[in-house]
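Below, each chain spelled out in residue letters.
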Amino acid sequence: MKTFVIGDVHGRCAQLETLLEMLPREETVDTVIFLGDLIDRGPNAPGCVDYVLKMTQANPERVLCLRGNHEQMLLDFIEGRTNLWITPVTGGERTFEQYVGESLNIRSEQDLEDARHLIEEKIPQQHLDFFRELPYFHEDEFAIYVHAGLDHGKHPSESAPQLLIWSRD
């Protein structure tokens, strides 16, 4: 029994598929854990989400996906908590374009609100539900898995979720 851990796919679905084909894994025995950040930057974020979502649905005991800071930024944008997801450094504008079919163009507060509603409308509900249900950590007999870092001396269940997806310690 092996565990394969894959982090930060960032919309690179073709590379993800190639990697998974190369892994010497037995689907009914081995585990695959995705550490989040399926979206942003790469050429096919929706395809990556579909691919991993289908894997988790087909074999939920052996394929797990955690929440990354990019999924969280998208949810925070949709829910109006922060606009960090649409800043140039995150790659969110590429994911926006891939789901919506047009470029992100923010010139006013109204454009911002329109973009918020448009992305929520265009992302398949199944993808949004998947993002919202992603856990912040997973623990098995071998390790504790998180997207980013751990709070020293604390179990992840005792830590702030933001720390688990943002900390680099």
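Being a predicted model, the structure only gives us computed values, none of them experimental.

Asks: Where do I start with the overall build of the protein chain in this structure?
Replies: Each helix and strand in the protein chain was counted, giving seven helices and five strands. Reading the helices (α) and strands (β) of the protein chain from amino to carboxyl end gives β-α-β-α-β-α-α-α-α-β-β-α. For 169 residues, the compact-globule estimate of 2.2 N^0.38 gives 15 Å, and the C-alpha radius of gyration of the protein chain, at 16 Å, lies within 12% of that figure. Across its three principal axes, the protein chain shows a C-alpha extent of roughly 55 × 35 × 25 Å.

Asks: Explanation requested: the pairing of strand E1 (residues 3-6) in the structure shown.
Replies: On any regular strand, side chains alternate: one points to one face of the sheet, the next to the other face. Here E1 shows a clear split, with Phe4 and Ile6 buried on one side and none of Thr3 and Val5 buried on the other. Examined bridge by bridge, E1 and strand E2 (residues 31-34) share four bridges and lie parallel to one another. Of the residues in E2, the one forming a bridge with phenylalanine 4 is valine 32. On the question of chirality, the crossover connecting E1 to the parallel E2 by way of helix H1 (residues 13-22) is right-handed.

Asks: How should I be thinking about the packing of helix H4 (residues 92-100) against helix H5 (residues 109-122) in this particular structure?
Replies: Two measures define how a pair of helices packs: the angle their axes make with one another and the distance between the axes. With their axes 9 Å apart at the nearest point, H4 and H5 run at an angle of 55 degrees to one another. Taken as axis vectors, H4 and H5 run oblique relative to one another. Pair H4 / H5 crosses with left-handed handedness. Residues Phe96, Tyr99 and Val100 of H4 lie in contact with H5, whose contacting residues are Ala115, Leu118, Ile119 and Lys122.

Asks: Sorry if this is basic, but what is going on with the pattern of salt bridges here?
Replies: For side chains bearing opposite charge, pairing can occur when the charged atoms are close. Applying the stated criterion to the full structure yields seven salt bridges. Across the salt bridge formed by arginine 81 and aspartate 76, the nearest N and O atoms sit 2.6 Å from each other. For lysine 154, the salt bridge goes to aspartate 151, with nearest N and O atoms at 3.5 Å. Residue lysine 154 is classed as partly exposed on the basis of its relative accessible area, which comes to 41%. Aspartate 151 sits in the partly exposed class, given a relative accessible area of 24%. Each of the salt bridges in this network shares a partner with another, and the network as a whole consists of Asp76, Glu79, Arg81 and Arg132.

Asks: Can you walk me through the pairing of E2 in this structure?
Replies: Side-chain alternation along E2 places Thr31 and Ile33 on one buried face and Val32 and Phe34 on a second face that is also buried. Sheet topology note: the E2/strand E3 (residues 63-65) ladder contains three bridges and is parallel. Paired with valine 32 across the strands is valine 63, a residue of E3. Considered for its hand, the β-α-β crossover made up of E2, helix H2 (residues 45-58) and E3 is right-handed.

Asks: Got a minute to help me understand the environment of leucine 20 in this structure?
Replies: Within the element layout of this structure, leucine 20 appears in helix H1. Leucine 20 sits twelve residues away from valine 32 along the chain, and the two C-alpha atoms are 9.3 Å apart. Apart from residues no more than four positions distant in its own chain, leucine 20 is found in contact with Ile6, Arg25, Val32, Phe34, Tyr51 and Met55.

The rules we used
- Residues numbered from 1 in each chain as written.
- Predicted model: local features only at pLDDT ≥ 70, side-chain atom pairs only at ≥ 80, totals over all residues.
- Heavy atoms only, no water.
- Helix = DSSP H or I, 4+ residues; strand = E, 2+ residues; numbered from the N terminus.
- Rg over C-alpha atoms; globule rule 2.2 N^0.38 Å.
- Buried < 20%, exposed > 50% of the residue type's maximum accessible area, 1.4 Å probe, protein only.
- Pairing = 2+ DSSP bridges.
- Right-handed = clockwise from strand over helix to strand, strands pointing away.
- Axes fitted to C-alpha atoms, helices over the stretch in contact; angles between N-to-C directions.
- Parallel < 35°, antiparallel > 145°, perpendicular 65-115°, else oblique.
- Left-handed = near helix turned anticlockwise from the far one by under 90°.
- Contact = heavy atoms within 4.5 Å.
- Salt bridge = Lys/Arg side-chain N within 4 Å of Asp/Glu carboxyl O.

Such coordinate-based values are descriptive only and should not be taken to indicate function.
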